[in-house]
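Take a look at the letters that make up each chain.
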Amino acid sequence: MSLPLAASRYLYATDNAVRDAICLSIDANFRLVQWWGNVSVLSGVTPSVGEDARDILPLLYGMDLAEPATIRFANVNDAHVFHVHLFRDGDENYVLCIPADDEKARTTELQQVANEVRLLNAQQQRLVQELEEARSELETKRADAQRASMVKSRFIASISHEFRTPLTSVIGYTELLLNESGQNSDVLAHAKAISRSARHLLSMVDNILDQARIEEGNIAIRIAPLNVRQVTDDITTMLAPLAAEKFIGFGAFVDAKVPRVISTDEVRLRQILVNLVGNAIKFTDAGEVNLEITWAQDKLIVVISDTGPGIPEDQQLLIFDAFHRVNDLDGKRGTGLGLNITARLVELLGGSIELESQPGVGSRFELVLKAPESQAAVAADNIYGERKVMGKSRKHAQRILIAEDDPDLTELLGLFLTRGGYELMMAEDGEQAVKTALKEQPDLVLMDVNMPQMDGLSAARELRKKGFSQPILALTASLSVNDRDQAFTWGCDGYLVKPISMAELLSSVERHLHERG
Ligand code: ADP
């Protein structure tokens, strides 16, 4: 049965579908006047005219017929869902029930999806929050680690200085003892033992410092022209006595193909050679150690071979790890850092290192380092001091100011320089150094870098600002490129790295005085 016109109009106006709608017409007392559609769906039975519509649809109880109303998703008879509209058309009251089972199902489904989305959102938010917390925890840990690493590097730098200064005294005074012991073989042997131990201690301090710097990526490389033959001579002078003491042979050979001047980092090349040749001598008890250097295609090829105990094959890679040592090398002391540092330095210099070794026969380390030929002339001086004393033409009684806060070291430098025939004056800190130098106008200043009040480099800068023109040599415990560069920028003419030997000190002082004179 089609719907009454009023209901159709209503449905049209409210944009509702007509299909399966049920319509009741009721009087002012809710009595049923007429119906359209399958009205039995509402209460399960077919109603009769005059029956109270509220018995069919209990939700009509309490409703005011004068007011149009809509009840959405009304559950009728616990079986179906309808949108129930109450409206008037002229004097007639209508109750229109529009089936909403499908819509309800869709809405429920949507509701479920919405609930799931809400749940997922909440879960996502929780995860984001957890992530945020983890990130900030990591950030805190990273900041803590960075702070700890800075504290560590500052500690290591200051420790290195603290160690180097007294070691300079130990090594220097031992040198004096060695010179003065004459034929007294006991004193000579004791002094040699002290010197060996002190140098060993020094190399350990240096290794630990370098290891820390490399770990932090804080090691700078300075490529500059250098004379490889000179470097080889220095290494030979330094290490041949150690080989002689053990009665083993030591030979160093630089091929004629090696250019006079090449470019690489001198400090690091020396360090690599001292480590490898030093190890070869340390571990070899009979036979010989050889250092051979040749050159091809912009590369330096360095071979260090020995007739020592050799290294078992399963250890050959491991010995390049930090702190790794082969166990049964009794009595050969070390930190196990030397080869690790060497391999990393070789890498920083754009090179490679290879080891061939046979237990009982010996070891052979081969380095290939980037080292193009340089047309530059090599500066006569370097941080290791002058190599050749330049004549003896200086006037005597030249005056030197020693600015150093460590009294033992001041005394030692004084002894060295008095032997060289110099007159001395002292200052204990940077400020005093500036005052004394300006007043006394010494011929040369030896300036310790680390001093109280005003550090040595600031004092050097101050002196240059005030017109002081005599040579200033910095005394430093540090080998870092930054410190070296800063010394030159702030007005030093050269510098000496602690520990300083008497020969090195006198030749460097002599040469700088000679250059000015
Ligand atoms: P260290 O010499 O302080 O022990 P290194 O890192 O320089 O530390 O060397 C690590 C280890 O490699 C040494 O302890 C030694 O066992 C082995 N080694 C290094 N060079 C040689 C060599 N020329 N002959 C035999 N063994 C060597």
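Residues numbered from 1 in each chain as written. Predicted model: local features only at pLDDT ≥ 70, side-chain atom pairs only at ≥ 80, totals over all residues. Heavy atoms only, no water.

(A) Summary view of the sheet that holds strand β4 (residues 80-89). A sheet is described by the order of its strands in space; here five strands give the open sequence β2-β1-β5-β4-β3, paired in antiparallel fashion. At either end of the open sheet lies a strand with only one pairing partner, and these are β2 (32-36) and β3 (69-76). Each strand of the sheet is rotated relative to its neighbour by a mean of 20°, with strand direction disregarded. Here five bridges tie strand β1 (residues 22-26) to strand β5 (residues 92-99), and the two strands are oriented antiparallel to one another. In the strand pairing of β5, Cys23 is matched with Leu96. Strands β1, β3, β4 and β5 of the sheet are contacted by helix α1 (residues 5-13), whose axis makes an angle of about 110° with β4. (Pairing = 2+ DSSP bridges. Helix = DSSP H or I, 4+ residues; strand = E, 2+ residues; numbered from the N terminus. Axes fitted to C-alpha atoms, helices over the stretch in contact; angles between N-to-C directions. Contact = heavy atoms within 4.5 Å.)

(B) Representation of the site of the ligand within the structure. The environment of the ligand is made up of 19 residues, and the closest members are Asn279, Asp306, Arg325, Thr335 and Leu339. For the ligand, the protein covers 98% of the area, taking 530 Å² as the surface of the free molecule. Secondary-structure elements contributing two or more residues to the shell around the ligand are α7 (266-283), α8 (338-348) and β12 (362-370). By residue number, the principal contributor to the shell around the ligand is α7, which donates four residues. Each residue belonging to the shell around the ligand can be placed in one class, and the counts come to nine nonpolar, seven polar and three charged. (Near = heavy atom within 4 Å. Areas by Shrake-Rupley, 256 points an atom, 1.4 Å probe, with all protein chains shown as cover. Nonpolar A, V, L, I, M, F, W, Y, C, P; charged D, E, K, R; others polar.)

(C) View of the packing of aromatic side chains. Tallying each qualifying case throughout the model produces five aromatic pairs. Seen from their ring centres, Trp36 and Tyr94 are 6.2 Å apart, and the 45° between their planes marks the pair as tilted. A residue pair is termed long-range when its members are at least 10 positions apart, and Trp36 in strand β2 and Tyr94 in strand β5 qualify at 58 residues. Accessibility classification places Trp36 together with Tyr94 in one group, the buried group. On the numbers, 6.4 Å between centres and 75° between planes, the contact of Phe320 with Phe365 is edge-to-face. You can see Phe320 sitting in the loop between β10 (299-306) and α8 and its partner Phe365 sitting in strand β12, a full 45 residues away along the chain. For Phe365, a relative accessible area of 6% puts it in the buried group. Positioned above the aromatic ring of Trp490, the side-chain terminus of Arg461 is 3.8 Å from the ring centre. (Phe/Tyr/Trp six-rings, centres within 6.5 Å; stacked < 30°, edge-to-face > 60°. Buried < 20%, exposed > 50% of the residue type's maximum accessible area, 1.4 Å probe, protein only. Lys NZ or Arg CZ within 6 Å of the ring centre and 35° of its normal.)

(D) Main features of the domain arrangement of the protein chain. For the protein chain, the assigned domains are domain 1 (5-99), domain 2 (130-199), domain 3 (228-370) and domain 4 (399-516). The straight-line distance from the C-alpha centre of domain 1 to that of domain 3 is 105 Å. (Domains from an automatic or database assignment.)

(E) Looking closely at the sheet that holds strand β13 (residues 399-403). Judged by pairing direction, the sheet is parallel, and its five strands sit side by side in the order β14-β13-β15-β16-β17 without closing on themselves. For this open sheet the edge positions go to β14 (423-427) and β17 (494-497), each flanked by a neighbour on one side alone. Within the sheet, the average angular offset between the axes of one strand and its neighbour, ignoring direction, is 20°. Looking at chain direction, strand β15 (residues 444-448) and strand β16 (residues 472-476) are connected through four bridges and run parallel. Within β16, the residue paired with Leu446 across the bridge is Leu473. The strands touched by helix α9 (residues 407-419) are β13, β14, β15 and β16; relative to β13, the strand with the most contacts, the crossing angle is about 165°. In the packing of helix α11 (residues 456-465) onto the sheet, contacts are made with β15 and β16, and the angle to β15 comes to roughly 150°.

(F) Highlighting α8. Judged by how many residues are buried, α8 sits mostly within the fold: eight of eleven residues are covered. Among all positions of α8, only Gly338, Leu339, Asn340, Ile341, Thr342, Ala343, Leu345 and Val346 are buried. The inward-facing, buried residues of α8 abut α5 (185-215), α7, β11 (352-358) and β12. One or two positions beyond α8, positive phi appears at Gly350, with a value near 70°.

(G) Structural detail: the packing of α5 against α8. Viewed as axis vectors pointing N to C, α5 and α8 meet at an angle of 45°, and their least axial separation amounts to 10 Å. With respect to α8, the axis of α5 lies oblique. Taken as a pair, α5 and α8 cross one another with a handedness that is left-handed. Listed contacts from α8 to Asn207, Asp210, Gln211, Ile214 and Glu215 of α5 are Gly338, Asn340, Ile341, Arg344 and Leu345. When the residues that make up the contact of α5 with α8 are grouped by side-chain class, the tally is three nonpolar, four polar and three charged. (Parallel < 35°, antiparallel > 145°, perpendicular 65-115°, else oblique. Left-handed = near helix turned anticlockwise from the far one by under 90°.)

(H) Highlighting unusual backbone geometry. Positive phi outside glycine occurs at Gln297, with the angle close to 50°. By the element assignment, Gln297 lies in the loop between β9 (288-296) and β10. Of note in the backbone geometry, Gln441 takes a positive phi value of approximately 45° without being a glycine.

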